[in-house]
Amino acid sequence: MLGGSEASARVAVEGFYRMETAGSSPGGASLQQLSAAAARGSLREVYEQAHSLKGACACVGARAAQEAALRLERAARAASEAGTALPPDRLDSLLAAVSSEMQRLLAAQAELLSGGQC
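This structure is a prediction, so every number in the text was calculated from the model and none was measured.

## Here's the deal with the nonpolar core
Then comes step 1: With 29 residues, the main nonpolar core has Phe16, Leu34, Cys57, Leu72, Val98 and Met102 as its most contacted residues.
Then comes step 2: Within the residue set of this core, elements represented by two or more residues are α2 (29-40), α3 (43-59), α4 (63-82) and α5 (88-113).
Then comes step 3: Contact partners of Val98, with chain neighbours within four places excluded, come to Leu31, Leu34, Leu53, Ala68, Ala69 and Leu72.

This is the structure:
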């Protein structure tokens, strides 16, 4: 999952998990913030939130969630820089992909932190 010691990796996973499960969204706090930014129509915020999530996922070795966040980040940035809207079905599809990967990641982390093996 991560380079370094097992203890360091566990600390990183625990921190990520605590941060993400602090909200009420099943996909985590970051997804809640992304969805709120999208609802406001702020592609710049969507880009910024997706960028932050991508980095956090990279820190815990969550490649699939990182890639989903990267796709959303790129689409939001391109639309924002072009001064155009991201088609709602495209935005919904990208958010759904991030949500799906975050739910899978958080479930795996919950299992790992409870003493199970992923």
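## Regarding the pattern of salt bridges
Then comes step 1: The final tally for this structure, using the stated rule, is four salt bridges.
Then comes step 2: Between Glu48 and Arg44 there is a salt bridge, with the nearest N and O atoms lying 3.2 Å from each other. With a gap of four residues between them, Glu48 and Arg44 both fall in helix α3, about one helical turn apart.
Then comes step 3: Taking relative accessible area as the criterion, Glu48 reaches 38% and is therefore assigned partly exposed.
Then comes step 4: Among the ionic pairs, Glu101 bridges to Arg104, the shortest N-O distance being 2.9 Å. One end of the pair is Glu101 and the other is Arg104, both in helix α5 and three residues apart, which spans about a single turn.

Thresholds, definitions, all that
Residues numbered from 1 in each chain as written. Predicted model: local features only at pLDDT ≥ 70, side-chain atom pairs only at ≥ 80, totals over all residues. Heavy atoms only, no water. Core = buried A, V, L, I, M, F, W, Y, C linked by side-chain atoms within 4.5 Å. Buried < 20%, exposed > 50% of the residue type's maximum accessible area, 1.4 Å probe, protein only. Helix = DSSP H or I, 4+ residues; strand = E, 2+ residues; numbered from the N terminus. Contact = heavy atoms within 4.5 Å. Salt bridge = Lys/Arg side-chain N within 4 Å of Asp/Glu carboxyl O.

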